[in-house]
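Per-entry structural report
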Amino acid sequence: MGDGCDASDVLLDCDAGRAMGCHSFCCRLLVRLDPDERVRPADGSTAKGFVDKTPDGRCVHFEPETGACAGWAERPRVCRHYDCNDDPKLQVVLRDGFVSLVRLVTTPIPAGPPRRVPYRRRRPATEGPP
Ligand code: SF4
Ligand code: SF4
């Protein structure tokens, strides 16, 4: 999510995705943290299971000026494995724009052939199409 999203050897071309109009919607989704990624606060309270959001609903690590992730090297596992081409919400955003998360999850998937964000690298042929 954010700026070149990888899963195995796949690297989405997020610059191309943003040019297509993805609006980096992935960085507005809930970013869950696996138990081993959670950091217990110094006061001993329960560690959060998700990444905080800004008031406008973006991940706190998202840089609106560049569309990049400020914590790219340490980004959560879910961000490393997320592939918006597998997410029907991509089709909503590319065709209708991004209005809100509520709109995103309540709008029916548009008909027609899916629009796909290109990859900079692809999975090995043995794994089939991404
Ligand atoms: S929506 Fe897709 S193309 Fe756009 S930033 Fe997120 S993962 Fe990259
Ligand atoms: S950690 Fe980075 S890649 Fe993940 S949602 Fe936040 S800004 Fe996007």
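Not measured: the values here are computed from a predicted model.

Here is what the cut-offs are and how they apply
Residues numbered from 1 in each chain as written. Chains lettered and ligands numbered in written order. Predicted model: local features only at pLDDT ≥ 70, side-chain atom pairs only at ≥ 80, totals over all residues. Helix = DSSP H or I, 4+ residues; strand = E, 2+ residues; numbered from the N terminus. Contact = placed C-beta atoms within 7 Å. Buried ≥ 20, exposed ≤ 12 C-beta atoms within 10 Å, placed from the backbone. Core = buried A, V, L, I, M, F, W, Y, C linked by C-beta atoms within 7 Å. pLDDT = per-residue confidence, 0-100.

**Observations concerning the overall build of the chain**
Scanning the chain from terminus to terminus reveals four helices and five strands. Listing every helix and strand of the chain by position from the N terminus yields β-β-α-β-β-α-α-α-β. For the chain, restricting intrachain contacts to residue pairs at least 6 apart in sequence, the fraction spanning at least 24 positions comes to 63%.

**Considering helix α3 (residues 89–96)**
Taken together, the buried positions of α3 are L90, Q91, V92, V93 and L94. Buried residues belonging to α3 abut α1 (14–20) and α4 (101–106). Looking at the residues trailing α3, positive phi occurs at G97, about 85 degrees.

**Describing unusual backbone geometry**
Positive phi outside glycine occurs at H23, with the angle close to 55 degrees. Within the secondary structure, H23 sits in the loop between α1 and β3 (62–63). Even without glycine at this site, S24 takes up a positive phi of about 45 degrees. Residue classification places S24 among the buried residues on the basis of 23 C-beta atoms within 10 Å.

**Let's talk about the nonpolar core**
Within the largest apolar cluster, 20 residues are counted, with the highest numbers of intra-cluster contacts made by C22, C26, V31, C59, C84, L90 and V93. Per-element tally for this core: the top contributor is α3, with four residues. In this view, C84 contacts L12, G17, C22, C26, L90 and V117; residues no more than four positions away in its chain are not counted.

**As for the environment of L12**
In this structure, L12 sits in strand β2 (residues 10–12). Taking the number of C-beta atoms within 10 Å as the measure of exposure, L12 has 26 and is therefore buried. Sequence spacing of L12 and V117 is 105 residues, and the spatial spacing of their C-alpha atoms is 7.0 Å.

**Overview of the environment of Q91**
Of note, Q91 is situated in helix α3. For Q91, a count of 21 C-beta atoms within 10 Å corresponds to the buried category. For the pair Q91 and P110, spaced 19 residues apart in sequence, the C-alpha to C-alpha distance is 6.6 Å.

**Observations concerning the confidence of the model for the chain**
Per-chain confidence: the chain averages 87 in pLDDT, with 85% of residues scoring 70 or above. Per-residue pLDDT, averaged within each element of the chain, yields its smallest value for strand β1 (residues 6–7) (48) and its largest for α3 (96). In the predicted structure, residues 125–130 sits below a pLDDT of 50 and forms six contacts with residues beyond four places in sequence or in another chain.

**Quick word on the environment of V99**
Here V99 is to be found in the loop between α3 and α4. Note on V99: 12 C-beta atoms within 10 Å, which makes it exposed. When the C-alpha atoms of V99 and F25 are compared, they prove to be 9.9 Å apart, with 74 residues separating the residues in sequence.

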